[in-house]
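Geometric and topological summary
This is what each chain is made of:
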Amino acid sequence: RSGEMAKLTQLIDNDVFRAYATYTAIVLLKMMLMSLITAYFRLTRKAFANPEDTVSLGKGESAKKYLRTDADVERVRRGHLNDLENIVPFFGIGLLYALSGPELSTALLHFRIFAGARILHTFAYLIPLPQPSRGLSWAAGYAVTISMAYKVLKTALYL
Amino acid sequence: RSGEMAKLTQLIDNDVFRAYATYTAIVLLKMMLMSLITAYFRLTRKAFANPEDTVSLGKGESAKKYLRTDADVERVRRGHLNDLENIVPFFGIGLLYALSGPELSTALLHFRIFAGARILHTFAYLIPLPQPSRGLSWAAGYAVTISMAYKVLKTALYL
Amino acid sequence: RSGEMAKLTQLIDNDVFRAYATYTAIVLLKMMLMSLITAYFRLTRKAFANPEDTVSLGKGESAKKYLRTDADVERVRRGHLNDLENIVPFFGIGLLYALSGPELSTALLHFRIFAGARILHTFAYLIPLPQPSRGLSWAAGYAVTISMAYKVLKTALYL
């Protein structure tokens, strides 16, 4: 039987799946980058969450003043959490979508818009760009994920 | 070539995998809904986290007062984070479980309880319902995930 | 056509995929454990985030004093969020990596270091151990994930 979906023979040889793997790796790496940016701001702003992180900065009371929040650190952390909230659904729904037999060109369109939107979202959040830059880039990624979910449910629905 | 990996034949034609895809898409969409609810409360309560989000509400000092936390917004955000903490393990362990060859009826039981529990959890959190509504719905989803993990480790264990 | 389940053929019979399934289940379960530890500290420290959670501790004003943050609770929550930020990329990139045809011994090395690093990270965070314990265990898991992402992009790149 040679169904559309069919024969994910060698998943990684399938073009849609390769595209999914590529863009998912990219957005997950982008999300991981947020950890480094947070660390950078914590070190340069000297703003830490854990007492053990401030030991090298001084003893006793003098180190305590570095246990504080910083606007730049908090901004990166909000961007990181927003990534988790949006990239996790893309990763999950995108996987099911890639297995649901979409056209390659359609799939690429979805993956590229999502990845572009999330990269733009990060710049919009960190620079920051005036609204509605961040709002629109968030919405573009959200809409792509909803569109993929619709295809998944249309193809696979089994309640 | 018929390599080891190979022949993921017809994932999406497999009933257990279709059920997994359906319920995973549902709970991920439910989780995504939390973003919209957060946005709704931020706009109606006028409580924002970023200065650039308050620009349209007034200039200078008059806009600053909208940079604040709000009990309703924070409640939705806690519900959203709780979703991440619980739906990510379901998505991951559920995927491995769906590939571990469970009975369809058993798999459906797991997926349905999880999805029902998380929907109930959201209502319990947002209304809010008196405890132990939220606690019990959380525990039901947690127990389902543990049960699936047990099956995965029993089937696939390779340390 | 023989057996519905069957023929996801042998994903779960593939040694690399079995190893992936095992270590992913382990780290996701470890992440789930953070919920129980948070609950334990909330109950023993009497520090809650929701008014409905404090009802059993007293009426009216006397219950309100339990709506507070606690250093131990917040520490566990930071550890939990750090798990989400790091285990989600491992789960996603690791899945693609497992499907990209790595050597079994290389794959096992990656999975074992990651799982060991994250378990160590949890101990380093909760005890807490002096730095750079937590930093190094975080970095080890991070490096493993980057290494797997490199293999995925080398094998699957399709932009």
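These numbers were taken from a predicted model, which means no experiment stands behind them.

Reading guide: rules and limits
- Residues numbered from 1 in each chain as written.
- Chains lettered and ligands numbered in written order.
- Predicted model: local features only at pLDDT ≥ 70, side-chain atom pairs only at ≥ 80, totals over all residues.
- Heavy atoms only, no water.
- Core = buried A, V, L, I, M, F, W, Y, C linked by side-chain atoms within 4.5 Å.
- Buried < 20%, exposed > 50% of the residue type's maximum accessible area, 1.4 Å probe, protein only.
- Contact = heavy atoms within 4.5 Å.
- Buried area = accessible area lost by both parts, 1.4 Å probe.
- Salt bridge = Lys/Arg side-chain N within 4 Å of Asp/Glu carboxyl O.
- Polar contact = N/O pair within 3.5 Å; in protein donor to acceptor, adjacent residues only side chain to side chain.
- Helix = DSSP H or I, 4+ residues; strand = E, 2+ residues; numbered from the N terminus.
- Nonpolar A, V, L, I, M, F, W, Y, C, P; charged D, E, K, R; others polar.
- Least-squares fit on C-alpha atoms with pLDDT ≥ 70 in both.
- Axes fitted to C-alpha atoms, helices over the stretch in contact; angles between N-to-C directions.
- Parallel < 35°, antiparallel > 145°, perpendicular 65-115°, else oblique.
- Left-handed = near helix turned anticlockwise from the far one by under 90°.
- Expected span 1.5 Å × (residues − 1).

Some details on the nonpolar core
Counting 111 residues, the largest nonpolar core has Phe17(A), Phe17(B) and Phe17(C) as its most contacted members. Those residues in contact with Phe17(B) that lie beyond four places of it in its chain are Leu96(A), Leu99(A), Leu11(B), Ile12(B), Leu95(B), Ala98(B) and Leu99(B).

Quick notes on the interface of chain B and chain A
With 43 residues of chain B at the interface, the matching set in chain A holds 39 residues. Interface area lost by chain B to chain A is led by Ile12(B), Met32(B) and Glu52(B), which between them contribute 18%. Applying the counting rule to chain B against chain A returns 3 salt bridges. Of the charged contacts in the structure, one is a salt bridge between Arg75(A) and Glu52(B), with a shortest N-O distance of 2.8 Å. At the junction of chain B and chain A, the tally comes to 13 residue pairs in polar contact (both at pLDDT 80 or more). When residues of the side of chain B that touches chain A are traced back to their parent elements, those giving at least two are α1 (15-45), α3 (71-98) and α4 (104-126) of chain B. Ranked by residues supplied to the side of chain B that touches chain A, first place goes to α1(B) with 18 residues. Classifying every residue of the side of chain B that touches chain A by side-chain character gives 26 nonpolar, 8 polar and 9 charged.

What to know about the relation of the copies chain B and chain A
Once chain B is rotated about the relating axis by 120° and shifted along it by 0.0 Å, it coincides with chain A to within an RMSD of 0.0 Å. Expressed as a symmetry operation, the mapping of one chain copy onto the other fits a three-fold axis.

Observations concerning the packing of α4(B) against helix α5 (residues 133-156) of chain B
All names here are of chain B. Contact geometry of α4 with α5 gives a least axis separation of 8 Å together with a crossing angle of 155°. One way to sum up the angle between α4 and α5 is to call them roughly antiparallel. Handedness of the crossing formed by α4 with α5: left-handed. Residues His110, Phe111, Ile113, Phe114, Ala117, Arg118, Leu120, His121, Ala124 and Tyr125 of α4 form the contact with α5, whose participating residues are Ser133, Arg134, Ser137, Trp138, Ala140, Gly141, Val144, Thr145, Ser147 and Met148. The residue makeup of the contact of α4 with α5, split by class, is 11 nonpolar, 7 polar and 2 charged.

Examining the environment of Ile119(B)
Residues and elements named next belong to chain B. With respect to the element layout, Ile119 can be found in helix α4. Judged by its relative accessible area of 35%, Ile119 falls in the partly exposed class. For the pair Ile119 and Val27, spaced 92 residues apart in the sequence, the C-alpha separation amounts to 8.0 Å.

Examining the pattern of salt bridges
Residues and elements named next belong to chain A. Applying the stated criterion across every chain yields a total of 24 salt bridges over all chains. Taking the shortest distance from any N to any O, the salt bridge between Lys30 and Asp83 comes out at 2.6 Å. With Lys30 in helix α1 (residues 15-45) and Asp83 in helix α3 (residues 71-98), this residue pair connects regions lying 53 residues apart in the sequence. For Lys30, a relative accessible area of 10% translates into the label buried.

Comments concerning α3(B)
Residue and element names in this part refer to chain B. Helix length check: α3 (28 residues) gives 39 Å between terminal C-alpha atoms against 40 Å at 1.5 Å per residue, within 8%. With 23 of 28 residues buried, α3 lies mostly within the body of the structure. You can read the cap of α3 off the contacts: a side-chain oxygen lies 2.9 Å from the backbone nitrogen of Asp72, and it is on Asp70.

What about the interface of chain B and chain C?
Opposite the 44 residues of chain B that make contact, chain C presents 45 residues. Connecting chain B to chain C are 3 salt bridges. The closest approach of N and O atoms between Glu52(C) and Arg134(B), which form a salt bridge, is 3.4 Å. Where the side of chain B that touches chain C is concerned, the elements lending two or more residues are α3 and α5 of chain B.

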